[in-house]
Amino acid sequence: METFEPEIVAFCCHYCAYTAADMAGSKRISYPSNVKIIRVPCTGKVDAIHLMKALEIGADGVYVAGCLAGDCHFKNGNVRAEARVNRVKKMLTELGWEPERVAMVKLSAGMGEQFAETARKFTETIRKLGPGPGKRTGIDDRAAS
Amino acid sequence: MITAEQKPMQEIIQYIAPYSKILLVGCNECVTVCAAGGRKEVGLLASALHLNHLKQGKTIDIKEITLERQCDPEYVEELAPYIDGVDAVVSMACGCGVQTVAGRYKKSPVFPAVNTRFMGASLGQGVWAERCKGCGDCVLGITGGICPVARCSKHLFNGPCGGTSNGQCEIGPETDCAWRLIWERLKELGMEDRYEDLMNAKDWRPGGAAGPGKIIREDLA
């Protein structure tokens, strides 16, 4: 377990969190390379199936990073995303998995430090939880297909 | 449309516990619109079942397919190439779809993954409300387009009961009194006199009281 390096997928909104990640880079603030960023036009585009499939095929944790409350470029995409994250948390609990493996965070485009801090904290949370569903067994075939 | 909600996860898991190859079948009609059993929900349930098995250190083979309509034999026939290769079928359609699949593939156990709820209309994103009971003798033409069968908790036909309070039903403040709605609508239409017309005792036979309903159209059959 000491050598476990979590793989984390972060769905980041183009208008805020993705730009915040950029900001972190510009300011030379490092954050764990465990976090793989997927840019989305709005977190409202992220569906429950994206979070579940990510966990199923090998991610140890997944988070959605959207705009601050009231700041969504498309009015309420971040609100919808949060509702979906909560739904997946509930499903994971029903299935006996840790709901902490998925999370919703809200950032503005200027919050480079907070982006890095979020990445660090989430990575530590997942590191403590251990390998995710897709790492347990028999996943390689599905991940490759 | 017919509305449905997904069953509790543990109930579905118990149904499929003895099997390792599952055919998970969605429907592109009503259950897609009410987000209970369309292609997206099929993918989500399949993913959840995979995660459940991974938790137990096992794997499960799930074939996902979503039919155009699960209540029509022509579309259900599309499952034929897959049925022999699976141990069980899980249907995400309404009860009509589940029974059509079960009737066609008699050797395969077929389990429902949703609870069929009611015939309803959408009130907004993610909200559906019951609007029709399928009573077989529509009275909407004389009640201002508001159904006392589906929307009055007691299915009353000649005005509200004594339980109406401030225009709401006695079962709860979130339920409108159907007869208050009917009266307001008739007033808007200038048809208040309709309210005084007595309706006869309802014949419930066309709505199921005379056994399972069936329609035979001679010109089509």
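Refer to the structure presented above.
The rules behind these values
Residues numbered from 1 in each chain as written. Chains lettered and ligands numbered in written order. Predicted model: local features only at pLDDT ≥ 70, side-chain atom pairs only at ≥ 80, totals over all residues. Helix = DSSP H or I, 4+ residues; strand = E, 2+ residues; numbered from the N terminus. Buried ≥ 20, exposed ≤ 12 C-beta atoms within 10 Å, placed from the backbone. Contact = placed C-beta atoms within 7 Å. Nonpolar A, V, L, I, M, F, W, Y, C, P; charged D, E, K, R; others polar. Pairing = 2+ DSSP bridges. Axes fitted to C-alpha atoms, helices over the stretch in contact; angles between N-to-C directions. Core = buried A, V, L, I, M, F, W, Y, C linked by C-beta atoms within 7 Å. Parallel < 35°, antiparallel > 145°, perpendicular 65-115°, else oblique. Left-handed = near helix turned anticlockwise from the far one by under 90°. Expected span 1.5 Å × (residues − 1).

*Asks:* Pulling in residues and values, what's your account of the overall build of chain A?
*Replies:* When you go through chain A residue by residue, the secondary structure sums to 6 helices and 4 strands. In chain A, the order of α-helices and β-strands from amino to carboxyl end is β-α-β-α-β-α-β-α-α-α. For chain A, the residues scored as buried account for 50% of the 145 residues in total. Long-range pairs, those at least 24 residues apart, make up 81% of the contacts in chain A between residues at least 6 apart in sequence.

*Asks:* So, the interface of chain B and chain A: which residues are in play, and what are the values?
*Replies:* Interface size is commonly expressed as the accessible area that is lost once the parts come together. Every contact between the two is made by 14 residues of chain B and, on the other side, 15 residues of chain A. At 10 residues, helix α3 (residues 39-55) of chain B tops the list of elements feeding residues into the side of chain B that touches chain A. Residues belonging to the side of chain B that touches chain A are distributed by class as follows: 5 nonpolar, 7 polar and 2 charged.

*Asks:* Explain the sheet that holds strand β2 (residues 35-40) of chain A to me, using residue names and the numbers behind them.
*Replies:* All names here are of chain A. What the 4 strands build is an open sheet, ordered β2-β1-β3-β4; its pairing is parallel. The open sheet terminates on both sides in strands that have one partner only, identified here as β2 and β4 (102-106). Looking at each pair of strands side by side, their axes are set apart by 20° on average, direction ignored. Of the strand pairs in this sheet, strand β3 (residues 61-66) and β4 are connected by 5 bridges, and their pairing is parallel. By the bridge assignment for β4, Gly66 is matched with Lys106. Across the sheet, helix α2 (residues 48-56) touches β1 (8-13), β3 and β4, and the angle it forms with β3 is around 150°.

*Asks:* Now, about the nonpolar core: what can you tell me, with residues and values included?
*Replies:* Counting residues in hydrophobic clusters, the biggest one holds 87 residues, and the most contacted among them are Cys13(A), Ala17(A), Ala20(A), Tyr63(A), Ala65(A), Val31(B) and Met92(B). Tallying contributions element by element places α3(B) first for this core, with 8 residues. In this structure, Ala65(A) is in contact with Ala10(A), Phe11(A), Cys12(A), Cys13(A), Ala17(A), Val105(A) and Leu107(A), ignoring residues within four places of it in sequence. If you look at the next biggest cluster of nonpolar residues, it comprises 10 residues, including Cys147(B), Val149(B), Ala178(B) and Trp179(B).

*Asks:* Summarise the packing of α2(A) against α3(B); cite the residues concerned and give the values.
*Replies:* Interaxial distance between α2(A) and α3(B) falls to 9 Å at its minimum, and their mutual angle equals 30°. Here α3(B) runs roughly parallel to α2(A), going by the angle between their axes. Once α2(A) is placed against α3(B), the crossing between them reads as left-handed. Across from Ala48(A), Ile49(A), Met52(A), Lys53(A), Leu55(A) and Glu56(A) in α2(A), the residues of α3(B) making contact are Lys40(B), Gly43(B), Leu44(B), Ser47(B), Ala48(B), His50(B) and Leu51(B).

*Asks:* Can you explain the environment of Asp137(B)? Please cite residues and give values.
*Replies:* All names here are of chain B. Looking at where Asp137 falls in the secondary structure, it is placed in the loop between β7 (127-132) and α7 (148-151). A count of 11 C-beta atoms within 10 Å places Asp137 in the exposed class. Each C-alpha atom of the pair Asp137 and Ser165 lies 29 Å from the other, and the pair is 28 residues apart in sequence. Not counting the four nearest positions on each side in its chain, Asp137 is found in contact with Asp203 and Pro206.

*Asks:* How would you sum up helix α8 (residues 178-189) of chain B? Please name residues and give values.
*Replies:* Residues and elements named next belong to chain B. Compared with an ideal rise of 1.5 Å per residue, which puts 12 residues at 16 Å, α8 spans 16 Å between its outermost C-alpha atoms and is within 8% of the ideal. Of the surrounding elements, those touching the buried residues of α8 are α7. Trailing α8 by a residue or two, Gly190 shows a phi angle of about 70°, which is positive.

*Asks:* Tell me what's going on with unusual backbone geometry, and back it up with residues and numbers.
*Replies:* Residues and elements named next belong to chain B. Positioned with a positive phi, Ala35 is a non-glycine residue whose angle comes to about 55°. Positionally, Ala35 belongs in the loop between α2 (30-33) and α3. Given 17 C-beta atoms within a 10 Å radius, Ala35 is considered partly exposed. Here Asn166, not a glycine, exhibits a phi torsion of approximately 50°, which is positive. Assignment of secondary structure puts Asn166 in the loop between α7 and α8.

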